[in-house]
Amino acid sequence: MAASILAEEPFSPRERGRGSIKEMAESGNLTSIPTHYNFLQSEAPQLPYPVVTEDIPTIDFNLLVNGTPDQRSQVVRDLGHACSDWGFFMVVNHGIEERLREGALEVCRDFFDLSETEKGKYVGRHVLDPIRSGTSFNTLVDTVFYWRDFIKVFVHPAFYSPEKPADFRDVSREYCTRIRALVKDLIKGISESLGLEPCYLEKASELETGLQILVANLYPRCPQPELAMGIPPHSDHGLLTVLTQNDVGGLQVQHNGKWVIVNPLPNSLLVNTADQLEILSNGKYKSVLHRAVVNDQTARISIAIANGPSLGKAIAPAPQLTDGEHPQTFREMTYKEYLEFQQSNRLNGKTSLDLVRLPNA
Ligand code: OGA
Ligand code: NI
């Protein structure tokens, strides 16, 4: 299958890896997509579940941090349900100003509008390069390409920023700092919801020096959205990912054998539980599979802030959550090792967690 796709393709895989999808999508009157963007031909599991709209759990952040003890306990229970049942929730009353959220989206758009040469300065070779700009997921291993350009920037514990656009640095620093504070409080609540000390997860992941990555995604208009995919089904590698988007939808999360279309409330933030939280909770909280579809009307931009443990920290299930009835499900592995594995393989369902899953689990 892959060979026949390549045979029709006028570019070598190396050349394919260079250009942005933005440049191609905006050049001339593209009416169909090149063969190597046809996701239906990919080896990735297609997961042809029904696509539905459902209400997703909502967490009132203000009640979590400023509420009465009763209100806080209720939000902690809500968090527990959201994490065990969905692995996904929408945060309202988070206190991050609309101006800042929109400013962050704007500087990311400005980055994608830079020349190919400027963006090309950040074509990274290694997953731990602190600034990487590119297209698809990992063009060295993708057999089918995704309708997506991205920039990934490490913003904590050391802060990096591309030089251009000029205000990327200040805006991204402020936005990511605020998101980090939000995540710290959410993680406390999630820790409590597991019956652990509020600080357990924070300490077990060394969140103070945790790796935080800003991932901005651009999904240009696509002439055949039913054939292409923005990001295929995957789970994220960290603890919690916080996502925002311009007013264009595209994110879908898997829930009870369906793809649920996510329509966030204005100015809310979307949070999904990721692999390291599934490991720490000994599988009680699942890292949710999600994907991003594309459309033929409007370009979509999203910013996913991945918040993870400290790179060198070995992550294993909380011993308090394992017993005779609940044997340990995952073995210990440093976050760095995990990340290198996840990022250098194809996005393909949820295979990364299999790396640490114990045989008896
Ligand atoms: C991601 C991701 C979804 C989106 O960047 O990991 O899942 O809606 N993005 O852009
Ligand atoms: Ni993701």
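The name recorded for the protein in an unreviewed UniProt entry is Protein DMR6-LIKE OXYGENASE 2-like protein, from Cinnamomum micranthum f. kanehirae. Comment text from UniProt for the protein, heading Sequence similarities (unreviewed entry), reads "Belongs to the iron/ascorbate-dependent oxidoreductase family."

At the metal site, the nickel ion (ligand 2) is ligated by His234 (NE2), Asp236 (OD) and His290 (NE2), and these contacts range over 2.1 Å. Within one chain, the residues donating to the nickel ion (ligand 2) are spaced in sequence as H-x1-D-x53-H. Remark: His290 occurs in strand β12 (residues 290-292) and Asp236 occurs in the loop between β7 (231-234) and β8 (240-245); sequence separation between them is 54 residues. The pair Asp236 / His290 is uniform in exposure class, with both members buried.

So, on to helix α5 (residues 69-86). The end-to-end C-alpha separation of α5 is 25 Å, in line with the 26 Å expected for 18 residues at 1.5 Å each. Taken as a whole, α5 has its buried residues at Val75, Val76, Leu79, Gly80, Ala82, Cys83 and Trp86. Gly87, located one to two residues past α5, shows a positive phi value of around 70°.

Between helix α6 (residues 98-112) and helix α8 (residues 168-193), whose axes approach to 9 Å, the crossing angle comes to 135°. Here α8 runs oblique to α6, going by the angle between their axes. Where α6 crosses over α8, the two elements pack in a sense that is left-handed. Two secondary-structure elements touch here, α6 through Arg99, Leu100, Arg101, Gly103, Ala104, Val107, Cys108 and Phe111 and α8 through Phe168, Val171, Glu174, Tyr175 and Arg178. When grouped by side-chain class, the residues that make up the contact of α6 with α8 number 8 nonpolar, 1 polar and 4 charged.

Looking now at the site of ligand 1. What surrounds ligand 1 is the set Asn217, Tyr219, Ile231, His234, Asp236, Leu243, Leu251, His290, Ala292, Arg300, Ser302 and Ala304. In this structure, His234 approaches ligand 1 through a side-chain N or O atom, which is 3.1 Å from an oxygen atom. Asp236 is positioned such that a nitrogen or oxygen atom in its side chain is 3.3 Å from an oxygen atom of ligand 1. Protein chains bury 93% of the 290 Å² of accessible surface belonging to ligand 1 in isolation. Sorting the residues of the shell around ligand 1 by element identifies β6 (212-219), β7, β12 and β13 (300-307) as the ones contributing at least two each. Looking at the shell around ligand 1 element by element, the count peaks at 3 residues for β13. Of the residues contributing to the shell around ligand 1, the split by class is 6 nonpolar, 4 polar and 2 charged.

Right, let's talk about the sheet that holds strand β9 (residues 251-255) for a bit. What the 5 strands build is an open sheet, ordered β1-β10-β9-β12-β7; its pairing is mixed. Both outer strands of the open sheet, β1 (51-53) and β7, are each paired with one neighbouring strand and no more. Strand-to-strand twist of the sheet, defined as the mean angle between neighbouring strand axes without regard to direction, takes the value 25°.

Let us now look at the pattern of salt bridges. Counted by the stated rule, this structure contains 14 salt bridges. Measuring nitrogen to oxygen at the nearest pair gives 3.3 Å for the salt bridge that ties Glu208 to Lys184. Linking Glu208 in the loop between α9 (200-204) and β6 with Lys184 in helix α8, this pair joins segments that are 24 residues apart in sequence. Classification of Lys184 as partly exposed rests on a relative accessible area of 29%. Where salt bridges share partners, they join Lys22, Glu26 and Asp113 into one cluster.

One ladder, built from 3 bridges, connects β1 with strand β10 (residues 258-261); its direction is parallel. The residue bridging Val51 from the neighbouring strand is Trp259, located in β10. The pairing of β9 with β10 spans 4 bridges and is antiparallel. Counted as the bridge partner of His255 is Lys258 from β10.

Conventions we followed
- Residues numbered from 1 in each chain as written.
- Chains lettered and ligands numbered in written order.
- Predicted model: local features only at pLDDT ≥ 70, side-chain atom pairs only at ≥ 80, totals over all residues.
- Heavy atoms only, no water.
- UniProt positions renumbered as here; feature names shortened; annotations may be inferred.
- Donors = N, O, S within 2.8 Å, 3.2 Å for Na, K, Ca; no water.
- Helix = DSSP H or I, 4+ residues; strand = E, 2+ residues; numbered from the N terminus.
- Buried < 20%, exposed > 50% of the residue type's maximum accessible area, 1.4 Å probe, protein only.
- Expected span 1.5 Å × (residues − 1).
- Axes fitted to C-alpha atoms, helices over the stretch in contact; angles between N-to-C directions.
- Parallel < 35°, antiparallel > 145°, perpendicular 65-115°, else oblique.
- Left-handed = near helix turned anticlockwise from the far one by under 90°.
- Contact = heavy atoms within 4.5 Å.
- Nonpolar A, V, L, I, M, F, W, Y, C, P; charged D, E, K, R; others polar.
- Near = heavy atom within 4 Å.
- Polar contact = N/O pair within 3.5 Å; in protein donor to acceptor, adjacent residues only side chain to side chain.
- Areas by Shrake-Rupley, 256 points an atom, 1.4 Å probe, with all protein chains shown as cover.
- Pairing = 2+ DSSP bridges.
- Salt bridge = Lys/Arg side-chain N within 4 Å of Asp/Glu carboxyl O.

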